[in-house]
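Here is how the chains run, residue by residue.
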Amino acid sequence: MKAAVMYGPNDIRVEETEKPDCPQGGLLLKVMAIGLCGSDIRNLTTDSRKGNYPHIYGHEIVGTVTEVDVGVTRYKVGDRIYVYPVEHCLTCEACRSGHSENCENPGNYTDRQGGFADYIAITKQQIERDAVFMIPENVSFESATLGEPLSSVYACQENVGITFGDTIVIIGAGPIGCFHSQLAKLRGAKTVIMVEINDYRLELAKKFGVDYTINSRKEDPIEAVKRITDGKGADKVISANPSTAAQAQSIFMARKGGIVVLFGGVAKGSMAEIDTNYIHYNNLWLYGHYGANSVQVQKAFELAISNRFPTDKFITHILPLSKMNEGIQLTKSGEAIKVVLLPNE
Ligand SMILES: [Zn+2]
Ligand SMILES: [Zn+2]
């Protein structure tokens, strides 16, 4: 089969490689479409596996079942499925408390072959836990790939209660920032303010419910947010970018008693200098966010494939897997919002 194999930072070769076997108690999936995620790009362009290569990444996976092992009854050949990359055990304390995003024994996609390939093995554990969902007949494979990236956005907004009348600041107009904007509007937010350093991205973001755009290279984003909010600050601020400087700024954009979420991951080991006294005196709530619980994963997928969610606007580029490097450049430059790759082209 063909796969995009990583040999080191920025060294990705689309080449012939061995097709995986159908695992015991599992199934073999023909990958029909796969999203290219910001985290994939970070992993592919840095020494993410500390020299442990070759490796195949890719976790926004949808496809068609081509083989099932004996004894598998839930799925059959021909089924169209979406696979969430982390399967939760649903028996540990975190899972039982409703917080499977904090599962103590999760199956981790980074330990397995990913989906930037013609085929991927789906294990017995993935099938038996909470990671596999059927794609309805009327839904395209491309749309179904949005289930995964939407899941953590969905979970975050549910957890911090983004709701009717809210004023939201989103820092970072990448695909995730655009998801945040669109979802905030669906949840009833009154005003969405987008802060970003790239004018092209800011312009694109306007399609997703953004009311005000601020280029933080051209004006002070804190002053701009204050001006838009009559000097008060926003109800909720979401930092959805890899900058510690943006994290440090984010707290000053929230109103007294407001919520600040550190959503985007930053380079491992880097530190943000945060004015904790400001957090203290302004009664701010500072949250970290990562992942989604089992039910949020399901609900996010249902939303992603529903008519209420404009998947076509988000997916700006559909490319064959062989053009993955192009997809990375398009995403990095801000020209693409969401790139979907088709391995079996
Ligand atoms: Zn992703
Ligand atoms: Zn668990």
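Residues numbered from 1 in each chain as written. Chains lettered and ligands numbered in written order. Predicted model: local features only at pLDDT ≥ 70, side-chain atom pairs only at ≥ 80, totals over all residues.

Visitor: What is the right way to read the overall build of the protein chain from this model?
Guide: Along its length, the protein chain carries 13 helices and 15 strands. The C-alpha radius of gyration of the protein chain comes to 20 Å, within 12% of the 20 Å expected for a compact globule of 345 residues. By residue count, 47% of the 345 residues in the protein chain fall in the buried class. Taking the intrachain contacts of the protein chain between residues at least 6 apart in sequence as the baseline, contacts between residues at least 24 apart amount to 68%. (Helix = DSSP H or I, 4+ residues; strand = E, 2+ residues; numbered from the N terminus. Rg over C-alpha atoms; globule rule 2.2 N^0.38 Å. Buried ≥ 20, exposed ≤ 12 C-beta atoms within 10 Å, placed from the backbone. Contact = placed C-beta atoms within 7 Å.)

Visitor: Would you take a moment to explain helix H13 (residues 324-333) for this structure?
Guide: In an α-helix, one full turn covers 3.6 residues, which means residues spaced three or four apart are oriented alike. Met324, Gly327 and Thr331 are the residues of H13 that are buried. What you see down the axis of H13 is that its buried residues fit within an arc of 50 degrees, all on one side. Considering only its buried residues, H13 is in contact with strand S1 (2-8), strand S2 (11-16), strand S3 (27-36), helix H1 (38-45), strand S14 (315-320) and strand S15 (338-342). A positive backbone phi angle near 95 degrees is found at glycine 334, which sits one or two residues after H13. (Arc of directions from axis to C-beta.)

Visitor: Looking at this structure, how should I read the nonpolar core?
Guide: Soluble globular proteins tend to pack their nonpolar side chains together in the buried interior. Counting 98 residues, the largest nonpolar core has Leu29, Phe116, Ile168, Val169, Ile193 and Met194 as its most contacted members. Here this core gets eight residues from one element, more than from any other, and that element is S3. Mapped onto the domain boundaries, this core takes at least three residues apiece from domain 1 (2-145 + 292-342) and domain 2 (161-288). Excluding residues within four positions of it along the chain, isoleucine 168 makes contact with Ile162, Ala184, Ala189, Val192, Ile193, Ala234, Asp235, Lys236 and Ile238. (Core = buried A, V, L, I, M, F, W, Y, C linked by C-beta atoms within 7 Å. Domains from an automatic or database assignment.)

Visitor: Help me understand the packing of helix H5 (residues 147-159) against helix H6 (residues 175-186), please; the structure alone is not making it clear to me.
Guide: The relative placement of two packed helices is expressed as an angle between their axes plus a distance between the axes. Viewed as axis vectors pointing N to C, H5 and H6 meet at an angle of 50 degrees, and their least axial separation amounts to 10 Å. On the basis of the axis angle, H5 is oblique to H6. Crossing hand, H5 versus H6: right-handed. Contact residues: Pro149, Leu150, Val153, Tyr154 and Gln157 in H5; Pro175, Ile176, Phe179, His180, Leu183 and Ala184 in H6. Looking at the contact of H5 with H6 residue by residue, the classes come out as nine nonpolar, two polar and no charged. (Axes fitted to C-alpha atoms, helices over the stretch in contact; angles between N-to-C directions. Parallel < 35°, antiparallel > 145°, perpendicular 65-115°, else oblique. Left-handed = near helix turned anticlockwise from the far one by under 90°. Nonpolar A, V, L, I, M, F, W, Y, C, P; charged D, E, K, R; others polar.)

Visitor: Hey, could you run me through the domain arrangement of the protein chain in this one?
Guide: How large an interface is tends to be reported as the accessible area lost when its parts come together. The domain boundaries assigned to the protein chain delineate domain 1 (2-145 + 292-342) and domain 2 (161-288). Each of domain 1 and domain 2 has a C-alpha centre, and the two are 28 Å apart. With eight residues of domain 1 at the contact, the number on the domain 2 side is 10 residues. In terms of residue class, the side of domain 1 that touches domain 2 is built from two nonpolar, two polar and four charged.

Visitor: What is the right way to read the pairing of S2 from this model?
Guide: Regular strands have side chains that alternate between both faces of the sheet. Sheet topology note: the S1/S2 ladder contains six bridges and is antiparallel. When the bridges of S2 are listed, alanine 3 appears paired with glutamate 15. (Pairing = 2+ DSSP bridges.)

Visitor: When you look at the sheet that holds strand S9 (residues 191-196) in this model, what are you seeing that I'm missing?
Guide: Paired through their backbone hydrogen bonds, the strands of a sheet run either parallel or antiparallel. Read from one edge to the other, the open sheet built from six strands follows the order S10-S9-S8-S11-S12-S13, with strand pairing classed as parallel. Every interior strand has two partners, whereas the edge strands, strand S10 (212-215) and strand S13 (285-288), have only one. Direction aside, the axes of adjacent strands within the sheet are offset by 15 degrees on average. In this sheet, strand S11 (residues 234-239) lies alongside strand S8 (residues 167-171) in parallel orientation, the contact comprising four bridges. Its bridge partner lying in S11, isoleucine 171 is registered against serine 239. In this fold H6 packs onto S8, S9 and S11, with an angle of close to 170 degrees to the strand it touches most, S9.

Visitor: What is the right way to read the pairing of S14 from this model?
Guide: Of the pairings in the sheet, the one linking S14 to S15 comprises five bridges and is parallel in character. By the bridge assignment for S15, isoleucine 315 is matched with lysine 338. The parallel pair S14 and S15, bridged by H13, forms a crossover whose chirality is right-handed. (Right-handed = clockwise from strand over helix to strand, strands pointing away.)

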